[in-house]
Amino acid sequence: MDEDAVAREIVALAREWNTAIVSDDADRIAEFMTDDWVIVSWTGVTGRDDFLAYVRSGALGHTRMEPASEPRVRVLGDVATLVVRVLSTAQFGGADIDADEWTSDVFVRADGRWRCALTHITPVSPTS
């Protein structure tokens, strides 16, 4: 598969994952993650199991996850990176959180399937 086709596949996969996140269905969300997936944010590092537990408990939910920039994909064999600005609305611990973030995802291909191994989110600077 050529790099452009893989890039299109990664972008489509990310859109499907965004839809899964907004569904607040932890099992569906988990399908897009490796078993050792982590998210890195301004609050620290959260592992897959803790993230999914927050969703299952209702402590974390999303009503919006949408790209706000053109995605940038780089493919290096069975590893692909996706960088995109994302607008999201989440509910965490009873509070609404509107976020404008740069999201970097590292996808790995195993058994013919792409899954995300790492997500890093950085708030967009007010001057961006």
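Before reading on, note that the structure itself is shown above.
Predicted, not measured: the structure shown is a model, and the values here were computed from it. Within each chain, residue numbers correspond to sequence positions counted from 1 in written order. For this predicted model, a pLDDT threshold of at least 70 governs which residues receive local features, and a threshold of 80 or more governs which side-chain atom pairs are given and counted, while totals over whole chains, interfaces and linings are taken from all residues. Excluded from the side-chain calculations are hydrogens and water; all other atoms, namely the structure's heavy atoms, are used.

For the rest of this paragraph, the subject is the pattern of salt bridges. Salt bridge criterion: a side-chain nitrogen from Lys or Arg within 4 Å of a carboxyl oxygen from Asp or Glu. Applying the stated rule across the entire model yields four salt bridges. Asp 49 serves as the salt-bridge partner of Arg 48, at 3.8 Å between the closest nitrogen and oxygen. Three labels apply to residues, based on accessible area from a 1.4 Å probe with only protein chains included: buried if under 20% of the type maximum, exposed if over 50%, partly exposed otherwise in between. Exposure remark for Asp 49: the relative accessible area of 56% places this residue in the exposed category.

For the rest of this paragraph, the subject is a nonpolar patch on the surface. Each patch is built from residues lacking any salt bridge and having more than 30% relative accessible area; the joining distance is 9 Å for like charges and 5 Å for nonpolar side chains (Val, Leu, Ile, Met, Phe, Trp, Tyr). Each accessible area value is a Shrake-Rupley result obtained with a 1.4 Å probe; residue values ignore everything except the protein chains displayed when judging cover. On the surface, Tyr 54, Phe 92 and Ile 97 cluster together into a nonpolar patch covering about 260 Å² of accessible area. Its place among the elements puts Ile 97 in strand S6 (residues 95-110). Judged by its relative accessible area of 35%, Ile 97 is partly exposed. For helices the rule is a DSSP run of H or I covering at least 4 residues; for strands it is a run of E covering at least 2, with both sets numbered from the N terminus onward.

Another aspect to go through is the environment of Val 108. Secondary-structure assignment places Val 108 in strand S6. With 10 residues separating them along the chain, Val 108 and Leu 118 place their C-alpha atoms 9.5 Å apart. Two residues qualify as a contact provided that any one of their heavy atoms is within 4.5 Å of a heavy atom in the partner residue. Setting aside chain neighbours within four positions, we find Val 108 in contact with Thr 34, Asp 78, Val 79, Arg 113, Trp 114, Arg 115 and Ala 117.

A strand pair is defined by DSSP finding two or more bridges across the two strands. Examined bridge by bridge, strand S1 (residues 33-41) and strand S7 (residues 113-123) share four bridges and lie parallel to one another. Counterpart to Val 40 in the pairing with S7 is His 120. Pairing of S1 with strand S2 (residues 44-47), which is carried by four bridges, proceeds in the antiparallel orientation. Residue pairing for S2: Val 38 is matched across the bridge by Gly 47.

Let us look at the side chain of Thr 34. The topology assignment puts Thr 34 in strand S1. Every residue in contact with Thr 34, bar those within four places of it in the chain, is listed here: Arg 48, Val 108, Arg 115, Cys 116 and Ala 117.

Summarising the element assignment, Ser 41 is placed in strand S1. Among the residues examined, Ser 41 registers a relative accessible area of 17% and is labelled buried. At a separation of 2.9 Å, a polar atom in the side chain of Ser 41 contacts the side chain of Thr 43. In protein, a polar contact requires one atom able to donate a hydrogen and another able to accept it; more generally it is a pair of N or O atoms within 3.5 Å, and residues adjacent in sequence count only if both atoms are side-chain atoms.

Below, the discussion takes up helix H1 (residues 3-23). In this scheme, a helix's expected span is set at 1.5 Å multiplied by one less than its residue total. An ideal rise of 1.5 Å per residue puts 30 Å on 21 residues; H1 measures up with 30 Å between its terminal C-alpha atoms. Residues of H1 that are buried: Ala 5, Val 6, Ala 7, Ile 10, Val 11, Leu 13, Ala 14, Trp 17, Asn 18, Ala 20 and Ile 21. One side-chain oxygen of the residue at the start of H1 lies 3.0 Å from the amide nitrogen of Asp 4, identifying that residue as Asp 2. Within two residues after H1, Asp 24 carries a phi angle of roughly 55 degrees, on the positive side.

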